[in-house]
Amino acid sequence: MDDFGVYAVFGVNGPPQRLLSADGSCRVSVAVPPSVRQVVLFSSGPWGERICVNAELNDAERIPITIGKLTPYNKCLSWEQWEEETWTDSVTLKITLEGGNLVKADWSEPELILAVTEYTPKDTVAPLAARELNGKRKRGRMSEEGGDENKAAKRGEEENVCPNGSVEKTTPVRKARGQTKGAQKLFSSGGDAAKMKGTANGTGETLGIVGRTPPQSAAKLKSRQGKTPTQSAPLASPSGRWGQTLCPIDAQTAILIGGQGARTQFCKDPMWKLCTEDMSWVAAETLAEGPTPEARIGHTATYDPESRRIFVFGGSKNKKWFNDVHILDTQSWKWTMVEAQGKVPPLAYHSCSMFRGELFVLGGVFPRPNPEPDGCSDSLYIFDPHLSIWYQPIVTGDTPSPRSGHSACVMQERKIFVFGGWDTPVCYNDMYMLDLGLMEFSAVKTTGKAPSPRSWHSSVVLSDTKFLIHGGYNGNNALSDTFIFDIDTSSWTEVRLPQLSVPRAGHSIITMETASHLRFLDESEDAGVDGGAVSRTLLVFGGGDNEGNFYSDLTTVAVEEVLAAI
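Quick caveat: nothing in here was measured; it's all calculated off a predicted structure. (Residues numbered from 1 in each chain as written. Predicted model: local features only at pLDDT ≥ 70, side-chain atom pairs only at ≥ 80, totals over all residues. Heavy atoms only, no water.)

Caption draft 1: Quick peek at the pattern of salt bridges. A complete count under the given rule lists eleven salt bridges for this structure. A salt bridge links Glu294 to Lys320; the nearest nitrogen and oxygen atoms lie 3.1 Å apart. One end of the pair, Glu294, is in the loop between strand 14 (280-283) and strand 15 (300-304); the other, Lys320, is in strand 18 (residues 320-321), with 26 residues separating them in the sequence. Residue Lys320 is classed as partly exposed on the basis of its relative accessible area of 25%. The shortest N-O distance in the salt bridge between Arg296 and Asp324 comes to 2.8 Å. Remark: Asp324 occurs in the loop between strand 18 and strand 19 (325-329) and Arg296 occurs in the loop between strand 14 and strand 15; sequence separation between them is 28 residues. Through salt bridges with shared partners, one network takes in Glu294, Lys317 and Lys320. (Salt bridge = Lys/Arg side-chain N within 4 Å of Asp/Glu carboxyl O. Helix = DSSP H or I, 4+ residues; strand = E, 2+ residues; numbered from the N terminus. Buried < 20%, exposed > 50% of the residue type's maximum accessible area, 1.4 Å probe, protein only.)

Structure below.
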């Protein structure tokens with residue numbers, strides 16, 4: 001007997017209610033009661049050949065508010081209203097099973113509509129959000145009661161606001177069905193000082209702020225993938241996104257994790273495996289056992305070639321910030337979450353570098369209690385995986401100012417070069433070097449034409465002495481220029497390549513081998529002249545442009561061609 005089932009709990013006092021059973025429909029839709037502020041979804045029983053259960057919380061227009069996935073290794077999901085900006089009283093939970101016997105049903109079969117049995121306790125208590133506790137109200141309600149002028153003033157003072165959070169408390173204005181949607185820009189353009197300070201116009205559109213992430217709560221962003229948010233057909237390649245990580249794990253394999261795509265939704269397809277032998281993608285979320293990291297943006301994923309593990313740290317999701325460490329063992333394909341000792345704040349848009357088996361985390365945005373603006377860090381934290389402990393080293397010299405969205409490149413196994421980033425209202429194009437032997441920072445005096453101030457750019461090491469900077473965001477626009485820095489001469493050189501002429505910010509750049517006969521040069525091997533540049537290819541994925549597009553294509557250019565353009 002197959003006892004498999006998928007259940008949901010609506011509200012903290014509600015009983016579990018079965019939504020999917022072994023002999024039922026493979027597609028179910030449930031209207032969430034207006035009084036419910038929490039939803040828990042979980043499976044029970046053997047999965048058999050079933051692959052996953054896709055779950056969506058949709059608003060009244062069937063646009064996903066948030067998404068998730070149950071798998072044989074991740075059997076529970078939970079959502080709370082305070083985490084989702086657009087959760088209103090008209091929310092629908094939609095779940096779809098893939099694999100196993102239930103997939104026999106044709107996709108043309110209408111989904112099963114279920115009604116939720118609301119649970120009302122005998123001693124009814126008013127919802128917490130509507131009560132006053134000891135004469136105090138929740139800060140969100142108090143701010144709503146204030147005048148529009150006070151709201152505008154507070155918005156003008158905010159710094160480094162979480163990229164997926166919204167300054168506005170109201171639901172973003174949406175177009176009616178059938179009405180043409182205008183393309184709004186991911187990154188605001190123009191130098192209007194009022195816009196850069198984040199005032200809002202009469203239509204509810206949030207304008208850009210220098211030193212904070214793009215105004216996403218109001219944007220209706222297009223995806224290069226061309227699929228609707230509610231489409232359940234499996235994808236052959238990743239959907240368009242920005243703020244993801246792309247992490248090489250061997251000569252011809254890289255792992256894509258996280259990101260945010262169209263309509264500011266976190267990607268339904270958060271994990272992919274890239275094989276550069278034939279430039280193919282494989283959906284990888286259900287391939288790994290253990291608890292997968294929650295959807296996020298602005299995190300880091302760093303590979304350790306010695307242990308062959310990927311370390312995922314930090315990031316944010318709407319109003320939720322992370323300081324957790326998740327480890328993916330690429331040999332056993334198993335996720336584990338570290339219970340680390342020591343203290344590290346929740347951070348997003350930080351940099352993370354691997355040196356002698358330890359993670360060096362610098363800068364980033366961290367949350368502060370309302371109504372204070374979020375801040376930028378200038379601290380260096382180190383995570384020791386062997387002891388599962390965070391610590392702060394003693395660092396001397398001329399340290400970088402607080403910043404986020406910067407880049408960091410480990411060069412010659414003894415130096416970390418930090419470039420750019422921002423902290424409201426300043427965008428940087430300065431360079432710092434951390435000597436990993438002396439643990440001493442120094443400002444780097446450069447020559448040549450330097451990149452303009454920017455954040456959310458991408459960087460990659462080209463050889464023992466050179467690294468590349470591409471794209472980014474300058475507070476007004478996404479950028480398309482490319483620069484190479486030579487650490488021997490401390491000089492910048494701008495290069496022009498047709499493959500890298502598209503404006504991008506929040507994208508990923510890596511170098512990998514693309515021919516089967518080429519071997520992977522790890523850090524312990526002699527890379528030869530220019531680090532074996534002739535055998536490697538530059539790969540660019542994702543990011544957003546000035547027209548509101550998120551890229552899902554993979555752009556390639558030979559490293560040899562990049563170096564020849566100097």
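Anyway, onward from the coordinates.
Caption draft 2: Structural view of the side chain of Ser351. Summarising the element assignment, Ser351 is placed in strand 21 (residues 351-355). Its relative accessible area of 6% is what places Ser351 among the buried residues. Every residue in contact with Ser351, bar those within four places of it in the chain, is listed here: Thr300, Phe360, Val361, Leu362, His406 and Ala408. (Contact = heavy atoms within 4.5 Å.)

Caption draft 3: Expanded view of the sheet that holds strand 7 (residues 76-80). Spatial strand order, 2-1-4-7: four strands in an open sheet with antiparallel pairing. Each of the sheet's edge strands pairs with one partner strand only, and the pair in question is strand 2 (17-21) and strand 7. In this sheet, neighbouring strand axes are inclined to one another by 20° on average, regardless of whether the strands run parallel or antiparallel. Relative to strand 2, strand 1 (residues 5-10) is paired through four bridges, and the arrangement is antiparallel. (Pairing = 2+ DSSP bridges. Axes fitted to C-alpha atoms, helices over the stretch in contact; angles between N-to-C directions.)

Caption draft 4: Summary view of the sheet that holds strand 22 (residues 358-362). A sheet is described by the order of its strands in space; here four strands give the open sequence 21-22-25-26, paired in antiparallel fashion. The open sheet has two free edges, formed respectively by strand 21 and strand 26 (389-391), since each of these has just one partner strand. Neighbour to neighbour, the strand axes of the sheet diverge by 25° on average, direction disregarded. Alignment of strand 25 (residues 380-384) against strand 26, held across three bridges, turns out to be antiparallel.

Caption draft 5: Representation of the environment of His386 within the structure. The topology assignment puts His386 in the loop between strand 25 and strand 26. Residues His386 and Glu358 lie 28 residues apart in sequence; the distance between their C-alpha atoms is 8.7 Å.

Caption draft 6: Seen up close, the packing of aromatic side chains. Tallied over the entire structure, the rule returns 20 aromatic pairs. With centroids separated by 6.3 Å and ring planes inclined at 85°, the aromatic side chains of Phe467 and Trp492 adopt a geometry described as edge-to-face. In this pair, Phe467 sits in strand 35 (residues 466-473) while Trp492 sits in strand 37 (residues 491-495), placing the two residues 25 residues apart along the sequence. On the basis of relative accessible area, Phe467 is assigned to the buried category, the value being 1%. Through a chain of ring-to-ring contacts, the aromatic side chains of Phe417, Phe419, Phe467, Phe483, Phe485 and Trp492 assemble into a single cluster. In this arrangement the basic side chain of Arg403 is found over the ring face of Tyr428, its NZ or CZ atom lying 4.2 Å from the centre. (Phe/Tyr/Trp six-rings, centres within 6.5 Å; stacked < 30°, edge-to-face > 60°. Lys NZ or Arg CZ within 6 Å of the ring centre and 35° of its normal.)

Caption draft 7: Representation of the side chain of His406. When you line up the elements, His406 lands in the loop between strand 27 (396-397) and strand 28 (407-411). Here Leu362 takes part through its backbone oxygen, which lies 3.1 Å from a polar atom of the side chain of His406. Residues contacting His406, with those up to four places away along its chain left out, are Tyr349, His350, Ser351, Leu362, Gly363, Gly364, Val418, Phe419, Gly420, Gly421 and His457. (Polar contact = N/O pair within 3.5 Å; in protein donor to acceptor, adjacent residues only side chain to side chain.)

Caption draft 8: Main features of the pairing of strand 22. Taking burial as the measure, the five residues of strand 22 include five buried ones, the bulk of the element. The alternating pattern of strand 22 places Glu358, Phe360 and Leu362 on one face and Leu359 and Val361 on the opposite face, and all of these are buried. Where strand 21 lies against strand 22, five bridges are found, and the strand directions are antiparallel. Along strand 22, the bridge assignment pairs Met354 with Leu359.

Caption draft 9: Seen up close, the nonpolar core. Counting residues in each nonpolar core, the largest one holds 26 residues, and the members touching the most others are Leu41, Trp79, Leu93 and Ile95. Residue assignment for this core shows that the elements contributing at least two residues are strand 1, strand 2, strand 3 (27-32), strand 4 (38-44), strand 5 (50-58), strand 6 (64-70), strand 7 and strand 8 (91-99). Per-element tally for this core: the top contributor is strand 8, with four residues. Each residue touching Leu41, except ones within four places of it in the same chain, is listed here: Val6, Tyr7, Ala8, Leu19, Ala55, Leu70, Lys75, Cys76, Leu77, Trp79, Leu93 and Ile95. (Core = buried A, V, L, I, M, F, W, Y, C linked by side-chain atoms within 4.5 Å.)

Caption draft 10: Structural context of the environment of Ala450. If you trace the backbone, Ala450 turns up in the loop between strand 33 (440-443) and strand 34 (458-461). Sequence spacing of Ala450 and Glu494 is 44 residues, and the spatial spacing of their C-alpha atoms is 7.9 Å. Discounting chain neighbours no more than four positions away, the residues touching Ala450 are Phe483 and Trp492.

Caption draft 11: The arrangement of the pairing of strand 28 in detail. Covered by surrounding structure in strand 28 are Ser407, Cys409 and Met411 only, the residues Ala408 and Val410 on the alternate face being uncovered. Sheet topology places strand 28 next to strand 29 (residues 415-419); five bridges connect them, and they run antiparallel. Looking at the pairing, Ala408 lines up with Val418 of strand 29.

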